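Summary of structural features
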Amino acid sequence: MDILQFEKQFLRLPSAIDEIHDELFDQKGIRVFVKRDDLIHPIISGNKWRKLREYIQIAQFNEHKHLISFGGAYSNHLYALAFAAKELGFAATGIIRGDELTSRSNLYLSQMEAWGMDLQFVSRSSYQKKEIPQEINTSNAIIIAEGGYGKMAIKGIFNIALEISGQNFEHIICPIGTGTTYLGLCESLEKAAIHGILTLNNFQEIESNAVELGIPTQQIYDAYIFVKYARQPEELVNFCQLFEQKHQIKIEPIYTGKMFYGLYDLIQKDKFKPGSNILALHTGGIKS
Ligand SMILES: Cc1ncc(COP(=O)(O)O)c(C=O)c1O
């Protein structure tokens, strides 16, 4: 199916913008809005479609038949890619970090395999070098970097800027994994200040990605990563639950939970002037 037809028929684009309310925001005289990219699609949600769109368009245009990418055992990116490939008629290969894993290691891997993705489990050292196993035929494939990182993905993020053009947000905030979404926003929105919340301890990687892509970074915060080995710290998990109760918007502790936690903290610390309108990008991450 052609990508435009797919978007029209299956995706909720442009994504909605909802205002959320809180005593804290009233006290500080600011307004907070959420760009609901999480509602774009139940599976290809959040920044996933934004980042994959251009790769898929190029693949269709050049008649590539095969999409190859990399990720960990719980990769939102590979999960979305597996589904998109099935729907749009591509073969897909996921190169997965960890040769101790199998497609039965978790439900997401099983689901990806059921959608037709060829799962290749590779050792951590091979994964680090981003080697593609020799038996994979790459001749008619598009190879997409881990997390969708790259220039094509940045182009897809530009669509967010188009969707909000004409609306007056002084501040935009998003979580940072590979930094693609954040850098895409930095590149495409001239007037707003772009705030990125690191979710991993990878500031240096983001800086070198920014240099590689030729995009100057703006404000990046490393105060909300939480401890390295506790994937789901209790304070953050509680915050996500309270947030959902209050705003009826689901968030999770890996990406969007950290962003909203950080946003509340920054508001509390008077980072934003009274009268500011802040847009938080809900990048999805809730697998269904
Ligand atoms: C739900 C979610 N939010 C945010 C991110 C981080 O996005 P980026 O890699 O573009 O920084 C990811 C990872 O791709 C993600 O899965």
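In every chain, residue numbers begin from 1 and rise along the written sequence. Where local features are concerned, this predicted model is filtered to residues with pLDDT of at least 70; where side-chain atom pairs are given and counted, the filter is 80 or more; whole-chain, interface and lining totals use all residues. Side-chain metrics in this entry use all non-hydrogen atoms of the structure; hydrogen atoms and water are not considered.

1. Remarks on the site of the ligand
Throughout, the term near means that a residue has one or more heavy atoms lying within 4 Å of the molecule or strand in question. Every one of the 15 residues lining the ligand counts as a neighbour, but Asn-76, Gly-177, Thr-178, Thr-181 and Thr-283 are closest to it. Between Thr-178 and the ligand, the recorded distance is 2.6 Å, taken from a side-chain N or O atom to an oxygen atom. For the ligand, whose unbound accessible area comes to 390 Å², protein coverage reaches 97%. Each helix is a run of H or I in the DSSP string that is no shorter than four residues. Each strand is a run of E no shorter than two, and both are numbered from the N terminus. Mapped by element, the contributors of at least two residues to the shell around the ligand are α3 (47-61), β7 (171-176) and α8 (180-188). Considering each element in turn, the shell around the ligand owes the most residues, three residues, to α3. Nitrogen and oxygen atoms within 3.5 Å of one another constitute a polar contact, given that in protein one can donate a hydrogen and the other can accept it, and given that sequence-neighbouring residues count only through two side-chain atoms. Every accessible area reported is derived by Shrake-Rupley at a probe size of 1.4 Å, with residue values counting cover from the shown protein chains alone.

2. Things to note about the domain arrangement of the protein
Domain start and end points were adopted from an automatic or database domain assignment. Looking at the protein, the domain boundaries give domain 1 (3-45 + 150-281) and domain 2 (65-139). Here domain 1 and domain 2 have C-alpha centroids that lie 27 Å from each other. We call two residues contacting when some pair of their heavy atoms lies within 4.5 Å. Contact residues are listed per partner, giving five residues for domain 1 and eight residues for domain 2. Note on terms: buried area is the combined drop in 1.4 Å-probe accessible area of two parts once they are placed together, counting the loss on both. Across the domain 1 to domain 2 interface the summed buried area is about 580 Å²; carbon plus sulfur atoms make up 84%. Area buried by domain 1 at its contact with domain 2 is led by Phe-6, Ile-43 and Ile-44, which between them contribute 73% of it.

3. Looking at the sheet that holds strand β3 (residues 66-71)
Two strands are counted as paired when DSSP detects at least two bridges linking them. The strand order β5-β4-β3-β6 describes an open sheet built from four strands, whose pairing is parallel. Since the sheet does not close on itself, it has two edges, and those belong to β5 (117-122) and β6 (141-144), each with one partner. Strand after strand, the sheet turns through a mean of 20° between neighbouring axes, direction not considered. Alignment of strand β4 (residues 91-97) against β5, held across six bridges, turns out to be parallel. Bridging across to β5, Ile-96 finds its partner in Phe-121. In this analysis an axis means a line fitted to C-alpha atoms, helices contributing only their contacting stretch, and an angle means the value between N-to-C directions, from 0 to 180 degrees. Relative to the sheet, helix α4 (residues 76-88) contacts β3, β4, β5 and β6, its axis offset from that of β3 by approximately 165°. Across the sheet, helix α5 (residues 107-114) lies against β4 and β5, angled at about 135° from β5, the strand it touches most.

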